[in-house]
Amino acid sequence: MKEALRMKAVLGSLFLFALFFTLIPASNLPAQDWVRTGTHLGNTTIRLAAADFKPSNGDPQSPALKAVFDATLYKDLDNAGIFDMVSKSMAPQAMPGSPQEMVPAQWSADPAKAAYVAFGSLGANNGRLMASGWLFDTRNTTNPQVLALQYNEVASADMARTVAHRFADAIIYRLGGGINGIAETMIYFVSSRTGTKQIWAMDYDGENQHQITHLDSISLSPRVSPDNSRIAFDTLSDQGLFVRMFSLELNRMVNFPAGTGGGSNQAPAWAADGTKIAFSSARDGHPEIWVADASGANLHRLTAFGTDTSPVWNPRTNAQIAWVSGRTGEPQIYVMDQDGANVQRMTDGGYAVSPSWNPSGGLLAFAWNRKYGPGDPGGQDIYVFDIASKNWLQITHESGSNDFPSWSPDGRHIVFERQVGKQTQIWSMLADGTHQQQLTKTGNNFMPNWSWK
């Protein structure tokens, strides 16, 4: 319901429907199991310790940089979703700074019981941040070393965070089945904290929040390109609703002529190869799904039934598009081939919006009010839907109105918008709904989009 009210306020027309929902059959298998398997969260967690790094010298910059590094590394590994982290209070008091100082038996014994331990040394030297990090397998008595990495960067708190992100991602890749970590990824979102809704960005964990656009119009629905070079988004001005483009490399707006046609234009989405953009346009009288090249050329329409919006490409195959359509009354999630053929309805009943495809191409996350209708309190939650089996799982429960899910590039996390009362903030969670964390707290924040890498 919140989605409909917002879109009505922006567009003057879209989605006010009322129909009680019809339940989709689910398999007899525990839903939690198939979701955890499909999101790489189903394996047994690894017991991992992250030792505080040892100061490598007495430079006055070193203690502050080490504190930032230690806290960031532990948080990154804890957020990964694949580790059972050893609490700092249960770790040995030893602070090994090199392999010669590491005693694996101290870490594998009670109470830590760590299977692996990350450790190393860090310090500043003539304005440079010098760090050496290792990962040891405590059960391998003959050859325990798994990773050995060194870093030499400009000494700053931001760089200490970056180095910790890099070391964490290397550990996650090595122990997490060869899937890249997300510690260096970004989340783009809309914020009203400066008075006008503009596009903002932050690190995956909510740190480093900063404004991207500074326009005289409302900015909505940011979607970053697969190469992280451009952001496509909506702007609402007295000339209408347009799809526009911002270059992160040039730090300025760039031309996208396909997004400024007649009627409202909204909800852009990038193809996985970055060559095309799908969006909703009412230039022919009704909102339909259109596709153009990333340059804005070769514009053509895919749908012809009216009230179609929120397209998203299958990132694995680049051959399918999921979107929202009100062709049968209430908005539902559909999937079609990239040329508009082979249309299939995914949801049946209620009020389903904001689809997001996971990186492996087998799951959709979306916002669903299953009991939408007269007298309904507006309970909207995030669901995960399996394309092949038609199974679904509700992953948020009775915590405000939840919308705009977006998958992380590792497929293990989802970022989303949550409204409680008059406050709307960005949250993240593991893809099974656990480990929920609030990322924004200043102003109201909306419509998050996780970077591709």
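Provided above is the structure to which this section pertains.
Structure report, in brief. Please read these numbers as outputs of a predicted model, since none were measured by experiment.

Side note on the overall build of the protein chain
Within the protein chain, the secondary structure is distributed over five helices and 30 strands. Taking 22 Å as the expected radius of gyration for a compact globule of 453 residues, we find that the protein chain reaches 23 Å, a close match to that expectation. Expressed as lengths along the three principal axes of its C-alpha atoms, the size of the protein chain is roughly 70 × 50 × 40 Å. When contacts within the protein chain are restricted to residue pairs at least 6 apart in sequence, long-range pairs at least 24 apart make up 48% of them.

Some words on the packing of aromatic side chains
Taken as a whole and judged by the stated rule, the model has 12 aromatic pairs. The interplanar angle of 20° and the centroid separation of 5.7 Å between the aromatic rings of Phe 119 and Trp 134 together place this pair among those described as stacked. In this pair, Phe 119 sits in strand β4 (residues 116–125) while Trp 134 sits in strand β5 (residues 128–137), placing the two residues 15 residues apart along the sequence. By the burial criterion, Phe 119 is buried, and Trp 134 matches it. Relative to Tyr 383, the ring of Phe 366 has its centre 6.2 Å away and its plane inclined at 20°; by these criteria the two rings are stacked. Linking Phe 366 in strand β23 (residues 363–369) with Tyr 383 in strand β24 (residues 381–386), this pair joins segments that are 17 residues apart in sequence. A single burial state applies to Phe 366 and to Tyr 383, both of which are buried. An aromatic cluster is built from Phe 366, Trp 368, Tyr 383, Phe 385 and Trp 392, whose rings are joined through pairwise contacts.

Some points on the sheet that holds strand β18 (residues 308–313)
The strand order across the open sheet built from four strands is β18-β19-β20-β21, with neighbouring strands paired in antiparallel fashion. In this open sheet, the two strands that pair with only one neighbour each are β18 and β21 (344–345). As defined by bridge partners, strand β19 (residues 320–325) adjoins strand β20 (residues 332–337) across six bridges and the pair is classed as antiparallel. Bridge pairing in β20 links Trp 323 to Tyr 334.

A short note on the pairing of strand β15 (residues 276–281)
Counting buried residues along β15, five of its six residues qualify, which places the element largely inside the surrounding structure. Examined bridge by bridge, strand β14 (residues 265–270) and β15 share four bridges and lie antiparallel to one another. Bridge assignment links Gln 266 to a residue of β15, and that residue is Ser 280. Between β14 and β15, which pair antiparallel and follow one another directly, the connecting turn spans five residues, one of which, Gly 274, has a positive phi of 75°. In this antiparallel pair of consecutive strands, β15 and strand β16 (residues 288–293), the connection spans six residues, and Gly 285 shows a positive phi of 115°.

Remarks on the sheet that holds β24
Within the open sheet, the four strands sit side by side as β22-β23-β24-β25. Their pairing is antiparallel. The open sheet is flanked by β22 (351–357) and β25 (392–394), the only strands paired with a single partner. Recorded for the sheet is a direction-independent mean angle of 25° between the axes of neighbouring strands. Note: β22 against β23, five bridges, orientation antiparallel. From the neighbouring strand, Val 353 faces β23, where its bridge partner is Ala 367.

Cut-offs and rules
Residues numbered from 1 in each chain as written. Predicted model: local features only at pLDDT ≥ 70, side-chain atom pairs only at ≥ 80, totals over all residues. Heavy atoms only, no water. Helix = DSSP H or I, 4+ residues; strand = E, 2+ residues; numbered from the N terminus. Rg over C-alpha atoms; globule rule 2.2 N^0.38 Å. Contact = heavy atoms within 4.5 Å. Phe/Tyr/Trp six-rings, centres within 6.5 Å; stacked < 30°, edge-to-face > 60°. Buried < 20%, exposed > 50% of the residue type's maximum accessible area, 1.4 Å probe, protein only. Pairing = 2+ DSSP bridges. Axes fitted to C-alpha atoms, helices over the stretch in contact; angles between N-to-C directions.

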